[in-house]
There are 2 protein chains.
Amino acid sequence: MEAQSPTIRNAIGWSTGPVANPKEQFMTNVSSIVHFHEGHAGMKQWLGGKGASLAEMTRAGLPVPPGFTVTTNVCRAFYENGNQLPEGLMPDIRNAILRIEQLKSQRFGDERNPLLFSVRSGSVTSMPGMMDTILNLGLNDATVLGLSGETKNARFAFDCYRRFIQMFGNVVFGVESIHFELLLHKLKQKYGYQQDRDVAAEAWTELIESYKLMIKNHTGNVFPQDVYIQLQLAVEAVFRSWNNPRAITYRNAYRIPDEQGTAVTIQSMVFGNKGDDCGTGVLFTRNPSTGEKKLYGEYLINAQGEDVVAGIRTPLPINEMNKEMPHIYSQLTDIAKQLELLNKDVQDIEFTVEQNKLFILQTRNGKRTAQAAIKIAVDLVDEGIILAEEALKRIEMEHLDQLLHRAIDSEQQLDTIAKGLNASPGAASGRAVFDADTAVDWKLAGHKVILVCAETSPDDIHGVIASEGVLTSRGGMTSHAAVVARGMGKPCVCGCEEIRIDKMNRHFYVAGPGGLEENCRKVHEGDWITLDGSTGRVILGTVSLKEPEMTGELTRLLQFADGIRRLKVLANADNPEDARKARQFGAEGIGLCRTEHMFMSSARLPVVQSMILAEHQAERQHSLDQLLPMQQEDFEGIFAAMEGLPVNIRLLDPPLHEFLPKLELLQQRQRESANKDEETNKLIRKVQSLHEVNPMLGQRGCRLGIVVPEIYEMQLKAIFKAILACKEKGMKVRPEIMIPLVGHVNELKRVRELADRVAADILGEDHHVDYKVGTMIEVPRAALTADQIAKEADFFSFGTNDLTQMTFGYSRDDAEGKFLSSYVDQQILPDNPFQVLDAEGVGQLIEIALHKGRKANPALKTGVCGEHGGDPRSIRFCHSAGLDYISCSPYRVPMARIAAAQALLTID
Amino acid sequence: MEAQSPTIRNAIGWSTGPVANPKEQFMTNVSSIVHFHEGHAGMKQWLGGKGASLAEMTRAGLPVPPGFTVTTNVCRAFYENGNQLPEGLMPDIRNAILRIEQLKSQRFGDERNPLLFSVRSGSVTSMPGMMDTILNLGLNDATVLGLSGETKNARFAFDCYRRFIQMFGNVVFGVESIHFELLLHKLKQKYGYQQDRDVAAEAWTELIESYKLMIKNHTGNVFPQDVYIQLQLAVEAVFRSWNNPRAITYRNAYRIPDEQGTAVTIQSMVFGNKGDDCGTGVLFTRNPSTGEKKLYGEYLINAQGEDVVAGIRTPLPINEMNKEMPHIYSQLTDIAKQLELLNKDVQDIEFTVEQNKLFILQTRNGKRTAQAAIKIAVDLVDEGIILAEEALKRIEMEHLDQLLHRAIDSEQQLDTIAKGLNASPGAASGRAVFDADTAVDWKLAGHKVILVCAETSPDDIHGVIASEGVLTSRGGMTSHAAVVARGMGKPCVCGCEEIRIDKMNRHFYVAGPGGLEENCRKVHEGDWITLDGSTGRVILGTVSLKEPEMTGELTRLLQFADGIRRLKVLANADNPEDARKARQFGAEGIGLCRTEHMFMSSARLPVVQSMILAEHQAERQHSLDQLLPMQQEDFEGIFAAMEGLPVNIRLLDPPLHEFLPKLELLQQRQRESANKDEETNKLIRKVQSLHEVNPMLGQRGCRLGIVVPEIYEMQLKAIFKAILACKEKGMKVRPEIMIPLVGHVNELKRVRELADRVAADILGEDHHVDYKVGTMIEVPRAALTADQIAKEADFFSFGTNDLTQMTFGYSRDDAEGKFLSSYVDQQILPDNPFQVLDAEGVGQLIEIALHKGRKANPALKTGVCGEHGGDPRSIRFCHSAGLDYISCSPYRVPMARIAAAQALLTID
């Protein structure tokens, strides 16, 4: 993108200074024709992208088939001249061709050894939908015989000729391709040919004649035998294509000035099938699977590209060439090195050898696997070819995602029975189970399990914990199952509508062909299945898996990133195990520890429930007293795992009804019990009294903490007792206490007073523990009144999940299944805002809160702890907005470290 | 508040220029003593509030008992002098008293006809909790006999003396009142007196002696018999009280400068019980019940105020005085006129006649009923006493509320059985019914009904429509029932937890005393009850009601308001009847017509349901085709009622499941039906598929309109067909189409395109109907991106109900019953934000949206159509923010017109 015109820069939103009249910048004295060896990359404006790149390679001394470019100046002249080529152009082209004839020792239109050309359009900005390439221009009824003799392959020569006529007829005379295809189809029917490669030379000549006739009948034009007329018509057609409706629409859309015009690149053809001193091949400068620094590729002697594609002959590995064509091989080795240096990346090179002479037809950056991408980037840095910054910029996040999760060994035959959404990456095998309790039971009995259900809810969290992965038939990329699984780094396939779950009979099935039940595949509880969360595949049976690799190269790359990024990267972790994992992945602390997850384990849930059901203060306090040492133990473990690093603990957030069974379940239990079940009745009454129409906007977070202060008081006691215990062991703890769902400064004030009082009680008045108290900013009102709130807060942690829900007014649980995917499909929204942070709306609130908050409290620490903390585009926003940190699932920490560095490199 | 010091002005938040050293402003040459006839209101700084007011009345020539004020300068000198009175003060006071003695022809300390004084503190700013008044100073063992002789009432004289000793002992010597009260209690026990008025003169003398002894024993001080020593000690005590802890705390809290000091007002006492040429009474300058311009009050010959209070004698109406004391009556008539002119309001005057001489003891603005308040305000304008602006400023909104609804005739005996929240004002009687369908059936059968249920939901709307009023046992001031009833102007008593509803057995009961069921009051279906929505009372039986009065005075007042206000006042109305009512109340158009209410009637609901249950596009279209003419008819009716005024129609807003029966109900139906009920099963499946976790944030509003565009298309067709029909009848229509729940500009763009297309189809391309298309701003994101949205919108209507829900993250249905009342009680929030618009948060979003929206589209019309449009404090905000209009329930339109004028008068 280096040589874009200022107008284009404007069009894509870069700020530039005032731009000169775009017409003026094309007034130059560049001549109408530029040979490849005369041009360079800086002349893109006149040579177009293709012409400039061929010139640059030629200039670097690489053996590119010679050719020249008719510049964009000529295109402008063509239009000023009433769609006529300028007068002197064709003589100039003749002269240029003369020069190519000398270089190639061939002649254009020669009947024995004809020089052929490719003719291509070449706009300055890449414009898909413009005119195609015309190959083999220069073939006619006479020269085709020459090509046939030279290649000793009449079938090949006539095939080239009929292809040329088709391209020419289409591009120059405007005959639609379908007419050519119909004639070919008839021919094959007539002779019983199955495939194109079966067609004999004689049949091709028959087709050629019918092509010519058809063109004549359709357009009145006669296919020209004069090669210069062929050339002139082709050049004119390219220029005309600049103003075809598609091209005009495209230019309008991308604000490409009409005055830019197109160039025409005319390059001599080479052939690898003229004998045993010829050949063709493809070469990677490094191994694209492993990244190993060794030439990788294959070639065929005496062949054209088509032969390789058609699969008639098996190509040889590139190192075999060292024996067969040592001179060419050594030349290729040098060229590979040279092209890597020139393009500063692995190259994917196409080459042809024509009568012992090597030609490079094309080079481009090579596609590679995740593992190779990392190794190559780091190696290029070590070799001094690129800087660490450049290496980081090149890393694609999908590559990292692949690397950091277990994956299916790609060599296997898989019995894929269904496909859902690839909701959480990685792969896992286990026995299918159909509810959370069964998952726990089987896990305890030593089985690996996959939880399969219509959808999960917070009640099922113990089942998700017990499982290797989760499969749901409903719900989208941000459904409960997806979010929880991503948070835990477990594979998840969501919204897999092909499967029908019959929970009652403990199986699911996938309908057979035609949706018929008799042919369906049925999976019973206990059957092994495998999930591929990276692709959404559901596979029958077990599959061998590759463990994720934290290679030396990846570690190096992360070190590069750490040296560059400004954003700190913390992790969301709710237990000591996750905290340790996060630290291994390089987390600089815990940005969010959700205490409610500690309430969910099967040992604690009954205590939590009796706390909720308590009818008197004393009864409730009794349950809380039981929970206190459990919470304290959790906190001590997390503090120990994170010694010296900050640990941010969020007080209870969800509403109490999330800890109780569902009403439907209880009612069913009640109906089934013959006698009056007083316990169930009591539960039903409590669940009904806690029922909320919109639980998302109900009594939870600090609202609960203020109305029922005993719960927060217990949690605060557990935190400060844990701090005291760790201090007594000589550990350094950096605790932060986060109050959720604050919307008014008085809420924070109230809970902060409680925290300070509990701290003073437990640590003593003159303790030396530097604890922070702050709040989630997840309610729009909190962002808007951040100036007041910041006076009471040591930190703001933006809960972008809830903030997105409330700023858009979207319930995440409902939006995805209903209108959100439709909104993205219809382009009403550019992205799902739960995946990519909405900079315009939600981001605006974050910026308001940062601005107001920091003005009121310059020491304010700020970060994001929603799921967006693990999304690269959202991380870019966080960097731009000037946040101090992001916090994400432990498994996404490495990705976030790189993304944070990329954000700095591409924005600042 | 006219003469406040700049420092005070600062303290209450007024902006003032820089203030001089507060000490300096008290450096004046006002003398230490100022007689009432020497002072005026402008001297408040030196005379205190009381002193200045007495001076002003004296200055106006009114017969105020003579007296003088010791200025605040003396207080400052007292403190500078080490808590000693300045040397020359007591001689000055003696001179001042000499003058009073001359005026009153009495002597201070005289044993036959003693002159007595009241001594009061008098701070510049009113300071509750400062020292009390001392009355009857100058009584001692000798002068008490003089008073007894003069009044020929020994019991009265000694009662005055013992009261004086108590006040003096308390204020001067610091003896707590309880000690005096204990002695009185003992005395009454000793003689078997039931009440104070039973105590004989002899017993009072006994008490007086025990008081003196007790003071001596407690403090060592002897109660002084020397009247000048009494006076000196009283003045010193007043000055000391300036620095008592309560006063200091109060000054700190309200930032009253310590240097302000207090004055001491010393006024001669008068007695109305010295003979038949004496008397006492109370007088209103106009009738406080009706506002009639006629003296109103009562008096007693030869009596003191205590006699009236004690109820021993019955006072006479004031006009009787014209016979008994024609001279005094005529003087009072003049004074009443004079005081009204002076204070520019109805006066409540206390007076005493002492030996044929009239004294005015006090005057203040008189309390009055709602009806009187309106009449008086308008009359005062007509009489040229105040301007219309002032009349408007004085109107209290509660008064208007009372006037504009039916009310219980206050003279009746009522059988009130329970009390709930006064959720919607007005009163109504009807037969109790326990569900919405029964309400409709009974109404159709010609009965008046009151709907009684635990709570209402949108499913019950037809029942609310059919009822005279609604009584619920659950839910708060903003519960569904409350909101709907207020919107319809029907009385509603909510959250009446005392009643137990037994829907199954068709009755409710209120537990008897002690909560016992046997004594409970039971109300069966069909029994008459009456609701008083203004007080929350539930009354057994029917009650005679007063119709609301739109009096001539109220109409005049509204005309004043209309001439002043800048905010336009529109109404929310969903049918032609409400539209007509709104227009009668002065609405300048319809600001919100909720089309979903048109779907709820029993005739249409089945069609709506079959539209929702449709399985094919064609089936759905069939139902929509049936609905179209019904909607069109509604719109024609509303356009006709509002001819010439704007009518803003909101497209469908609620989610579809609100139109279907509740799941529980269906499941019950299914369980009860013996055979497989396929219809119910189908309904259950649909209800389940439409179920949302947080319906408030789900698929509704334009989200539904975009995903299922047929519904909006039908509504738009109905609107434009109605426009065409009205145009053909020669009517002038001003339609506005409102798109609900827009969060992203693309949503509005999409629906606007649809509207324009339908308009062109129906009206023809070159029609001349000036319709507007705009949006609710009710999602925070819409406010934040208002610059984009305004480009596609002709108007913004702030839906402050939903905007408050999303900005706070409060579900209205849940918050009120759970934490919100607790938040208001605990002062975490200043108000319920659903009642009073939250200016800091929600208001900030409105201001952001207005600023951005108007910048992008200067022609943008803006208003509020939430419930806040009917709340006076919220209307103040709307005025300040610069909105163009507010829209509220028809019944609140008059109130809103006045509030809009008040906002302008008190803000601009």
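About the thresholds
Residues numbered from 1 in each chain as written. Chains lettered and ligands numbered in written order. Predicted model: local features only at pLDDT ≥ 70, side-chain atom pairs only at ≥ 80, totals over all residues. Heavy atoms only, no water. Helix = DSSP H or I, 4+ residues; strand = E, 2+ residues; numbered from the N terminus. Contact = heavy atoms within 4.5 Å. Areas by Shrake-Rupley, 256 points an atom, 1.4 Å probe, with all protein chains shown as cover. Lys, Arg positive; Asp, Glu negative; His and termini not counted. Charge placed at Lys NZ, Arg CZ, Asp CG, Glu CD. Buried area = accessible area lost by both parts, 1.4 Å probe. Salt bridge = Lys/Arg side-chain N within 4 Å of Asp/Glu carboxyl O. Polar contact = N/O pair within 3.5 Å; in protein donor to acceptor, adjacent residues only side chain to side chain. Buried < 20%, exposed > 50% of the residue type's maximum accessible area, 1.4 Å probe, protein only. Least-squares fit on C-alpha atoms with pLDDT ≥ 70 in both. Pairing = 2+ DSSP bridges. Axes fitted to C-alpha atoms, helices over the stretch in contact; angles between N-to-C directions. UniProt positions renumbered as here; feature names shortened; annotations may be inferred. Disulfide = S-S within 2.5 Å. Parallel < 35°, antiparallel > 145°, perpendicular 65-115°, else oblique. Left-handed = near helix turned anticlockwise from the far one by under 90°. Nonpolar A, V, L, I, M, F, W, Y, C, P; charged D, E, K, R; others polar. Phe/Tyr/Trp six-rings, centres within 6.5 Å; stacked < 30°, edge-to-face > 60°.

A. Layout of the overall build of chain A. The helix and strand tally for chain A stands at 35 helices and 33 strands. Projecting the C-alpha coordinates of chain A onto the three principal axes gives extents of approximately 105 × 70 × 55 Å. Expressed as a percentage of contacts within chain A between residues at least 6 apart in sequence, the contacts between residues at least 24 apart total 67%. Approximately 37900 Å² of chain A is accessible, and the part contributed by carbon and sulfur atoms is 49%. Of the charged side chains in chain A, 99 are positive and 117 negative, and the gap between their average positions amounts to 2 Å.

B. Just the interface of chain A and chain B, in detail. Each side of the interface is counted separately: chain A has 52 residues, and chain B has 52 residues. Looking at the side of chain A facing chain B, the largest losses of area belong to A:Leu697, A:Arg781 and A:Lys818, adding up to 14% of the total buried there. Our count for the contact surface shared by chain A and chain B stands at four salt bridges. B:Glu840 serves as the salt-bridge partner of A:Arg781, at 3.2 Å between the closest nitrogen and oxygen. For the pair chain A and chain B, the number of links is 36 residue pairs in polar contact (both at pLDDT 80 or more). Contributions of two or more residues to the side of chain A that touches chain B are made by helix 24 (663-672), helix 25 (678-690), helix 26 (702-707), helix 28 (745-763), helix 29 (780-784), helix 31 (800-808), helix 32 (812-825) and helix 33 (842-856) of chain A. With six residues, the top contributor of residues to the side of chain A that touches chain B is helix 32 of chain A.

C. Focus on the pattern of salt bridges. Residue and element names in this part refer to chain A. For the structure on display, the rule yields 102 salt bridges over all chains. Here Lys274 makes a salt bridge to Glu354, at a shortest N to O gap of 3.2 Å. With Lys274 in the loop between strand 7 (262-268) and strand 8 (279-284) and Glu354 in strand 11 (residues 347-354), this residue pair connects regions lying 80 residues apart in the sequence. With relative accessibility at 6%, the residue Glu354 sits in the buried group. Each of the salt bridges in this network shares a partner with another, and the network as a whole consists of Asp159, Arg162, Arg163, Lys188 and Asp196.

D. Focus on the relation of the copies chain A and chain B. Between chain A and chain B, which share one sequence, the superposing operator has a rotation angle of 179° and an axial displacement of 0.2 Å; the RMSD is 0.5 Å. The superposition of one copy onto the other is thereby described by a two-fold rotation axis. Among all residues of chain A, the minimum C-alpha distance to the rotation axis is found for A:Asn694, at 1.9 Å. Most of the interface of chain A is mirrored in chain B: 100% of its interface residues are interface residues there too.

E. Layout of the sheet that holds strand 26 (residues 568-572) of chain B. Residue and element names in this part refer to chain B. Pairing in this closed barrel of eight strands is parallel, and the strands run 26-27-28-29-30-31-32-33 around the ring. The average angle at which neighbouring strand axes cross in this sheet is 25°, direction not considered. Pairing of strand 27 (residues 590-594) with strand 28 (residues 646-650) involves three bridges; the strand directions are parallel. Its bridge partner being in strand 28, Ile590 is matched across the sheet by Val647.

F. Molecular detail of the sheet that holds strand 10 (residues 316-317) of chain B. Residue and element names in this part refer to chain B. Taken together, the five strands give an open sheet; going across it, the order is 10-9-8-11-12, and neighbouring strands pair in antiparallel fashion. Strand pairing shows two members of the sheet lacking a second neighbour, strand 10 and strand 12 (357-365), which therefore form its edges. Direction of pairing for strand 9 (residues 296-301) relative to strand 10: antiparallel, over a ladder of two bridges. Counted as the bridge partner of Tyr299 is Leu316 from strand 10. In this fold helix 13 (residues 326-343) packs onto strand 8 (279-284), strand 11 (347-354) and strand 12, with an angle of close to 30° to the strand it touches most, strand 12.

G. Quick peek at the UniProt feature "binding site: substrate" (unreviewed entry) in chain A. Residue and element names in this part refer to chain A. In the numbering used here, UniProt assigns the "binding site: substrate" (unreviewed entry) feature to Arg594, Arg650, Glu778, Gly799, Thr800, Asn801 and Asp802. By secondary structure assignment, the location of Gly799 is in the loop between strand 31 (795-798) and helix 31. Gly799 has contacts with Met776, Ile777, Glu778 and Cys865, leaving out every residue within four places of it along the chain. Considering the arrangement of structural elements, one finds Asp802 in helix 31. Residue Asp802 is classed as buried on the basis of its relative accessible area, which comes to 12%. The contact partners of Asp802, leaving out residues within four places of it in the chain, are Met696, Arg700, Leu741 and Glu778.

H. A look at the state of the cysteines. Across all of its chains, the model carries zero disulfides over all chains by this definition. This cysteine, A:Cys160, is not joined by any disulfide, and A:Cys278 carries the nearest cysteine sulfur, 14 Å off. Counting only cysteine sulfurs, B:Cys496 is the nearest neighbor of B:Cys520, a cysteine outside any disulfide, at a range of 14 Å. By relative accessible area, which is 16% here, B:Cys520 ends up buried.

I. Representation of the pairing of strand 9 (residues 296-301) of chain A within the structure. Examined bridge by bridge, strand 8 of chain A and strand 9 of chain A share six bridges and lie antiparallel to one another. Looking across to strand 9 of chain A, one finds that A:Leu283 is bridged to A:Gly297.

J. The packing of helix 22 (residues 605-613) of chain B against helix 23 (residues 617-641) of chain B, seen in detail. Residue and element names in this part refer to chain B. Here helix 22 crosses helix 23 at 150°, and the two axes come no closer than 8 Å. One way to sum up the angle between helix 22 and helix 23 is to call them roughly antiparallel. Note that helix 22 runs across helix 23; the crossing there is left-handed. Contacts between helix 22 and helix 23 involve Val607, Val608, Ser610, Met611 and Ile612 from the former and Arg620, Ser623, Leu624, Gln626, Leu627 and Met630 from the latter. Taken together, the residues of the contact of helix 22 with helix 23 sort by class into seven nonpolar, three polar and one charged.

K. Region of the structure containing the packing of aromatic side chains. All names here are of chain A. Scanning the model with the defined rule gives 42 aromatic pairs over all chains in all. For the pair Phe168 and Phe223, a centre-to-centre distance of 5.7 Å together with 85° between the ring planes defines the contact as edge-to-face. One end of the pair, Phe168, is in helix 6 (residues 154-171); the other, Phe223, is in the loop between helix 8 (201-219) and helix 9 (227-241), and 55 residues separate them in sequence. For Phe168, a relative accessible area of 0% puts it in the buried group.

L. Molecular detail of the packing of helix 21 (residues 576-584) of chain A against helix 23 (residues 617-641) of chain A. Residue and element names in this part refer to chain A. Here helix 21 crosses helix 23 at 15°, and the two axes come no closer than 8 Å. Judged by the angle between their axes, helix 21 and helix 23 are roughly parallel. Here helix 21 runs over helix 23; the crossing is right-handed. Where helix 21 approaches helix 23, its residues Pro576, Ala579, Arg580 and Arg583 are matched on the opposing element by Asp634, Gly637, Ile638 and Ala641. Split into classes, the residues belonging to the contact of helix 21 with helix 23 amount to four nonpolar, one polar and three charged.

M. Expanded view of unusual backbone geometry. We note that A:Asn302 has phi near 50°; this positive angle belongs to a residue other than glycine. Within the fold, A:Asn302 resides in the loop between strand 9 and helix 11 (305-310). Residue class for A:Asn302 comes out partly exposed when judged on its relative accessible area of 26%. Here the phi dihedral of B:Asn136 falls at roughly 60°; this positive angle occurs in a residue that is not glycine. With respect to the helices, strands and loops of the structure, B:Asn136 is situated in strand 6 (residues 134-137).

N. Representation of the environment of B:Gln667 in the model. Residue and element names in this part refer to chain B. Checked against the element boundaries, Gln667 lands in helix 24 (residues 663-672). For Gln667, a relative accessible area of 18% puts it in the buried group. As a C-alpha pair, Gln667 and Val773 span 106 residues in sequence and 42 Å in three-dimensional space. If we skip the residues at most four places from it in the chain, Gln667 touches Ile684 and Gln688.

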